Amino acid sequence: MSKRLLFLLCAALACAVFVAACGGDDDSGGTAGTSETGSTEGAKTIDVKAMDSAKGEATYCSGKDTSGDLKETIEEFNKANPGSTIKLTEFPEDAQQQHDQFSQRQRAKSPDCDGFEEDVVWTAEFAQQKWLYDMTPYIESRKDEFIPSTLESVTYDGKNWGVPKVTDAGLLYYRTDQVDAVPDTWQGVYEEAAKGDGIVYQGSAYEGLTVDYLELAFAAGGSVISDDGKSSTINSPENVKALQFMVDGIKDGAAPKAVTTMQEEPARRAWEAGKATFMRNWPYCYALSQQAPKVKGKFAVAPFPSFEGGEKAAILGGHNMVVSVYSKNPGLMLKFIDFATSAERMKRNAVKYSKAPVLKETYQDADVQKALPFAEELQQAVEQAKSRPVSPVYPQISEAIFKNVNEALSGQASPEDALKKADDQINAALQTF
Amino acid sequence: MEAASVPAGTSTKRRSRDLSERRLASYMVSPSVLLIALVAAYPIGYAVWLSLHQYSVRQAGLSRWAEPNIWSNYTNVLQDDEFRQAIVNTFVFTFFSVGLELVIGLGMALAMHAAFRGQGLLRTVVLVPWAVLTVVTAIMWRTIFDPTLGIVNAALGTDIVWLGETPYAMIVMIIADVWKTAPFMALLILAGLQVIPGEIYEAAKVDGATMWQRFRKITLPLLMPAILVALIFRTLDALRIFDLPFVLTKGQNNTNTMSLESYQTFTANNILGEGAAMAIITFVIVMIVSFLYIRFVGGNIRGLADE
């Protein structure tokens, strides 16, 4: 019995190796010609004029449209443009899944997605693989309308690869019944927190911690990679200072030990249970917390304070609209993007769906200010926000940050050792491209 | 003469008919063998092929053999501290979770086997955890062990961040796994218990064997085949554990496993070659472990049966 089993396994393995050999031949024939130049040279540039005469069909791919604003935009576009139809393909809600779904299609050179709603951190990775149209001529024509920080998130290698659609920036939530005003510095906030019920943030080992850590590190004057994008700068005195500050915060009781396992929702739950004086979180919590009996009417939001001896900083979130180079109808996709990012549409998204606008003028609108009571704080937060490191290997850089920072927060490594390890890992990742 | 040749003739005839029948049979199964080859061998083959290649975002496309030699994805992965740690974690998890499941599962099976009122109800209740999805199990235990709102800290009066500290995170993961799969173990062992004939016990009782002797000398040896099957199933499952650490810890605090590390490398970090190499190494480790089981524990069974 076991002999026959062994034979079968060997046969299967032999088969596998045979298939592998064949597969190898096919593919090396097919893609051997891909260019190996360093940057984004030779990328296709969008033809802005093609927009005027665009007709036919195009598909826009996006993560699940949970709020419904995208479906409404598409419906209105199709109504306003007889003869052209935009279709929507929805990917799962999880950001990583959206990334993988789009990547798979692009690797196969599939025309499935004419346009895609990307997370701000994917620009470099996609542009480097020449999956996106260079949108610089279009952005040039509208440059002054956008908040400058949001344009940074579509820029890589000196060119613009997409159009910002919705933005996001972290806010500091505080209990008005426990503190009179937000202190000017993070150090002050932590002091108040230690006296009160503490501060909660996203300290679990995932993308959210990269954001939370960089908010402090950037404010302290730190950076992640060098300007040429070729080497890591994570192991700097400023970054160590920021990390030491977070570690001390947990030691001194300004933040509960449990923050090392918190993502957005656990932090919000702890905050809404009245167990924290401060919370660092995204704007989406505002409306939800107004319905939580224990904190309702007892809190306000503020943009982040500065780091002692440093400055103010925040990290930009949000989504951009990009056009795939494998699209059969890039002109129509651009026309749709132009429609979806228009001032009128932006206002509707803010008022009806609480989406943070990327256009300056939208924040000044009276209706928007009424719908988003914290519009002014939000605009400040977005304006002072910086992009996360722009690099084709961003996922690995982020992992190096959140894993090691988390180890420092949970006391398994000293801040110096943690950042040294992150430094090695980031340099190793940067060498792969 | 004749009497001797006739049987010889029929036996060759029968053999040749056997052969042609066998050939016919092999023709008839060939479509399904082909299908299995396509469904099973192709993905494995593709993974092997990927694991020998290099993919980087700068040089889009997957046409290059790994450099400096075609095995370098494997050597890189085996030198990688994170993956080594993942291998260690996986074995720690497998050893403790399968060990506990065996003991608890055996106890459950014996309880379910005993005849008493409410036996049907007990069997149903015991099996409930097995029916719950692993991801749901993980979310449930994550909530139970939540440091601020969870019941464990409240009940024990402790202030431990269960999923955020090193030995505790693994302990929670093992508890969640044991809770979920001990019933499965119990089910397989119960099936083994039910085929042991009652007469053997009666004979042993007549001979004056104590309860412990009956368990040691009759139940355990006769149960061995069922236990072995259960152990193989559970060990192979545990070695591939992915969903529990994915939901509970994302691999932090020494709970990273081979499958999770492979997934992270392959999909999140886009290092397709090394991710595939990790998957193949996991595959080979699982295969070696199952061979060892059959070779050593399987041999024992035969020995016990002969006794």
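Residues numbered from 1 in each chain as written. Chains lettered and ligands numbered in written order. Predicted model: local features only at pLDDT ≥ 70, side-chain atom pairs only at ≥ 80, totals over all residues.

The next subject is unusual backbone geometry. Phi at Lys130 of chain A is positive, roughly 60°, even though this residue is not glycine. Mapped onto the elements, Lys130 of chain A comes out in the loop between helix H4 (123-128) and helix H5 (136-142). Phi at Asn254 of chain B takes a positive value of approximately 55°, unusual for a residue other than glycine. Within the secondary structure layout, Asn254 of chain B lies in the loop between helix H10 (243-248) and helix H11 (258-268). (Helix = DSSP H or I, 4+ residues; strand = E, 2+ residues; numbered from the N terminus.)

Here we take up the pairing of strand S7 (residues 171-175) of chain A. Residue and element names in this part refer to chain A. The buried count for S7 comes to 4 of 5 residues, which makes it a mostly enclosed element. As paired strands, S7 and strand S9 (residues 278-281) are joined by 4 bridges and run antiparallel to one another. Note on S9: the bridge partner recorded for Leu172 is Arg280. Sheet topology note: the S7/strand S10 (residues 299-302) ladder contains 4 bridges and is antiparallel. Along S10, the bridge assignment pairs Leu172 with Ala302. (Buried ≥ 20, exposed ≤ 12 C-beta atoms within 10 Å, placed from the backbone. Pairing = 2+ DSSP bridges.)

Time to look at the confidence of the model for chain A. In this model, chain A carries an average pLDDT of 88, and 91% of its residues clear a pLDDT of 70 or more. Counting contacts from residues 15-38 of chain A, a segment whose pLDDT is below 50, to residues more than four positions away or on other chains yields 32 contacts. (pLDDT = per-residue confidence, 0-100. Contact = placed C-beta atoms within 7 Å.)

This paragraph deals with the confidence of the model for chain B. All names here are of chain B. The predicted model of chain B averages 85 in pLDDT, with 89% of residues at 70 or higher. Ranking the helices and strands of chain B by mean pLDDT puts helix H3 (residues 81-113) first, with 94, and helix H1 (residues 2-51) last, with 76. In this model, residues 1-9 is a region of pLDDT below 50 whose contacts with residues beyond four sequence positions or in other chains number 0 contacts. This stretch, residues 303-307, has a pLDDT under 50; its non-local contacts, to residues over four places away or in other chains, come to 2 contacts. Note on the complex model: pTM 0.79, ipTM 0.71.

All names here are of chain A. What the 4 strands build is an open sheet, ordered S8-S9-S7-S10; its pairing is mixed. The open sheet has two free edges, formed respectively by strand S8 (199-200) and S10, since each of these has just one partner strand. Strand contacts of helix H10 (residues 264-272): S7, S8 and S9, with the helix running at about 155° to S9, the strand carrying the most contacts. (Axes fitted to C-alpha atoms, helices over the stretch in contact; angles between N-to-C directions.)

Here the focus is the domain arrangement of chain A. All names here are of chain A. Annotation of chain A at the domain level lists domain 1 (48-167 + 317-386) and domain 2 (169-315 + 388-430). A straight line from the C-alpha centre of domain 1 to that of domain 2 covers 28 Å. Each side of the interface is counted separately: domain 1 has 19 residues, and domain 2 has 21 residues. For the side of domain 1 that touches domain 2, the secondary structure elements donating two or more residues are H4, helix H16 (375-383) and strand S12 (385-386). Sort the elements by how many residues they give to the side of domain 1 that touches domain 2 and H16 lands first, with 5 residues. For the side of domain 1 that touches domain 2, the class distribution of residues is 9 nonpolar, 7 polar and 3 charged. (Domains from an automatic or database assignment. Nonpolar A, V, L, I, M, F, W, Y, C, P; charged D, E, K, R; others polar.)

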